[in-house]
Amino acid sequence: MLTAILVLLLSAIVSYSVYFRWTRRKFFAAISSMKGPTSLPLVGSGYRFVGQTTPEQMHKVMTSLTGQCESPTPIWSGQNLILVVHKPEHAQVVLKSEDCLDRAYFNRYFQLDHGMLTTSVSSWKAVRKLLNMSLSPSMINSYIPTVNRKSRIMVEQVSKLVGQPEQNFYHEVAKWALDMICGMVY
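Keep in mind that this is a model prediction, so the values were computed, not measured.

Asker: Could you clarify how one ought to interpret a nonpolar patch on the surface in this entry?
Answerer: On the surface, L40, L42, V43, Y47 and V50 cluster together to form a nonpolar patch covering roughly 470 Å² of accessible area. Relative to the helices and strands, L40 resides in the loop between α2 (25-32) and α3 (55-67).

Now the structure itself:
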């Protein structure tokens, strides 16, 4: 009885694998020309992330996976393909493509679903319309005098720190950035 169940289960897995590969044969032919890290059946390269609990650890693993390959790098996460781009010109093509507006499922896992580049399609389209207006060449030209004035103030403040021991001045930079943004808006 147990043998029959195992044979049935194994044949179902093999049948599904053959069906999966056959229905996506053109896709797999295109991907086969790309060099990527080795992946295991069913889990892909996901086994390398086992035990990695923080985003920093996962980023380190991802960097090691993509560092040895050219961009774009195909990485399999189970049956899902993740194409990792690490060249600016490839990222530009991806970000401008209408086919790539819907962000990946793992953005929700890493809690990246509220960022400007990782939000949902509906939110992205609304934000993009607003950004296009505020980042037009004429608007950017109007920001330059304010940015120059605020940058000089920031340089004067930073020059006072020269010769002092190392310190974390993240909060000061955040204040200067907020001051610059408010100067451009108001």
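Asker: What am I meant to see in α3 here?
Answerer: Because an α-helix packs 3.6 residues into every turn, residues spaced three or four apart end up facing the same way. Its 13 residues place the ends of α3 18 Å apart at the C-alpha level, agreeing with the 18 Å of an ideal helix rising 1.5 Å per residue. Turning to α3, its buried residues number three or more, namely M58, V61, L65 and T66. An end-on view of α3 places all buried positions within 125° of arc, on one side of the element. Opposite the buried face of α3, at more than 90 degrees from it, the exposed residues are E56, H59, K60 and G67.

Asker: Is there a simple way to explain helix α7 (residues 137-159) in this structure?
Answerer: The end-to-end C-alpha distance of α7 is 32 Å, a good match for the 33 Å that 23 residues give at a rise of 1.5 Å each. For α7, the principal kink sits at I144 and spans about 30°; a proline, P145, occurs within the next four residues. Residues Y143, T146 and K150 constitute the buried set of α7. The elements touched by buried residues of α7 are α6 (121-134) and α8 (170-185).

Asker: Is there a simple way to explain the packing of aromatic side chains in this structure?
Answerer: The geometry of an aromatic ring pair is captured by the separation of the ring centres together with the interplanar angle, meaning the angle of the planes. All chains considered together, the criterion is met by six aromatic pairs. Measuring from ring centre to ring centre gives 6.1 Å for Y16 and F20, while their planes differ by 35°; the resulting arrangement is tilted. With Y16 and F20 both in helix α1 (residues 2-23) and four residues apart, the pair spans about one turn of that helix. Of the residues examined, F20 reaches a relative accessible area of 10% and is grouped as buried. Ring centres of F27 and W76 lie 6.3 Å apart, and the angle between their planes is 85°; this geometry places the pair in the edge-to-face category. Of the two residues, F27 sits in helix α2 while W76 sits in strand β1 (residues 73-77), which places them 49 residues apart along the sequence. When its relative accessible area of 37% is taken as the criterion, F27 is described as partly exposed. Through pairs of rings, three or more aromatic residues link up here, namely Y16, F20, F27, F28 and W76. The ring of F28 has R21 sitting right over it, with the charged end atom 4.0 Å from the ring centre. Its guanidinium or amino end placed over the ring of W22, R25 lies 4.1 Å from that ring's centre, counting from NZ or CZ.

Asker: Honestly, unusual backbone geometry in this entry has me stumped. Any pointers?
Answerer: Generally, phi is negative for residues other than glycine and the peptide bonds are trans, each holding for most cases. A cis amide bond, omega -5°, links S71 with the succeeding residue P72. Here P72 is to be found in the loop between α3 and β1.

Asker: Could you clarify how one ought to interpret the pairing of strand β2 (residues 80-84) in this entry?
Answerer: In regular strands, side chains alternate between the two faces of the sheet. Bridge count for β1 against β2 is five bridges, and the pairing is antiparallel. Bridging across to β2, P74 finds its partner in L83. Linking two consecutive strands that pair antiparallel, namely β1 and β2, is a turn of two residues; a positive phi of about 70° is found at G78 within it.

Asker: Where do I start with the pattern of salt bridges in this structure?
Answerer: Side chains that differ in sign of charge can pair as their charged atoms come close. The final tally for this structure, using the stated rule, is two salt bridges. The salt bridge involving D179 is made with K150; its shortest N-O contact spans 3.3 Å. Separated by 29 residues along the polypeptide, D179 in helix α8 and K150 in helix α7 bring together distant segments of the chain. The class for K150 is buried, based on a relative accessible area of 15%. Across the pair E172 and K175 runs a salt bridge, and its minimum N-O distance is 3.3 Å. Pair noted here: E172 and K175 are both in helix α8, with a separation of three residues, about one helical turn. The exposure class of E172 is partly exposed, given its relative accessible area of 32%.

Conventions and cut-offs
The numbering scheme is per chain: residues are counted from 1 as the chain's sequence reads. Reporting in this predicted model follows two pLDDT cut-offs: at least 70 for local features of residues, and 80 or more for side-chain atom pairs to be given and counted; totals over whole chains, interfaces and linings ignore these cut-offs and use all residues. Hydrogens and water are ignored here; the side-chain numbers use all heavy atoms of the structure. By definition, no residue in a patch forms a salt bridge, and every one has over 30% relative accessible area; like charges are joined within 9 Å, nonpolar side chains (Val, Leu, Ile, Met, Phe, Trp, Tyr) within 5 Å. Per-residue accessibility takes into account occlusion by the displayed protein chains alone, with areas from the Shrake-Rupley method and a 1.4 Å probe. When a carboxyl oxygen of Asp or Glu lies within 4 Å of a side-chain nitrogen of Lys or Arg, that pair is called a salt bridge. By definition, any uninterrupted DSSP run of H or I lasting at least four residues is a helix, any uninterrupted run of E lasting at least two residues is a strand, and each is numbered from the N terminus. Take the residue count of a helix, subtract one, and multiply by 1.5 Å to get its expected span. For the exposure calls, accessible area comes from a 1.4 Å probe over protein chains only, and a residue counts as buried if that area is under 20% of its type's maximum, exposed if over 50%, partly exposed in between. Each direction from the helix axis to a C-beta atom contributes to the arc, which is the arc of those directions. The bend reported for a residue corresponds to the angle between axes fitted to the seven residues ending at that residue and the seven starting there. We call two residues in contact when some of their heavy atoms are within 4.5 Å. Two rings from Phe, Tyr or Trp (for Trp, the six-membered ring) form a pair when their centres sit within 6.5 Å of each other. Planes less than 30 degrees apart are called stacked, planes more than 60 degrees apart edge-to-face, and all others tilted. Two limits define a charge over a ring: the Lys NZ or Arg CZ must be within 6 Å of the ring centre, and within 35 degrees of the ring normal. Strands were regarded as paired on the criterion that DSSP finds at least two bridges between them.

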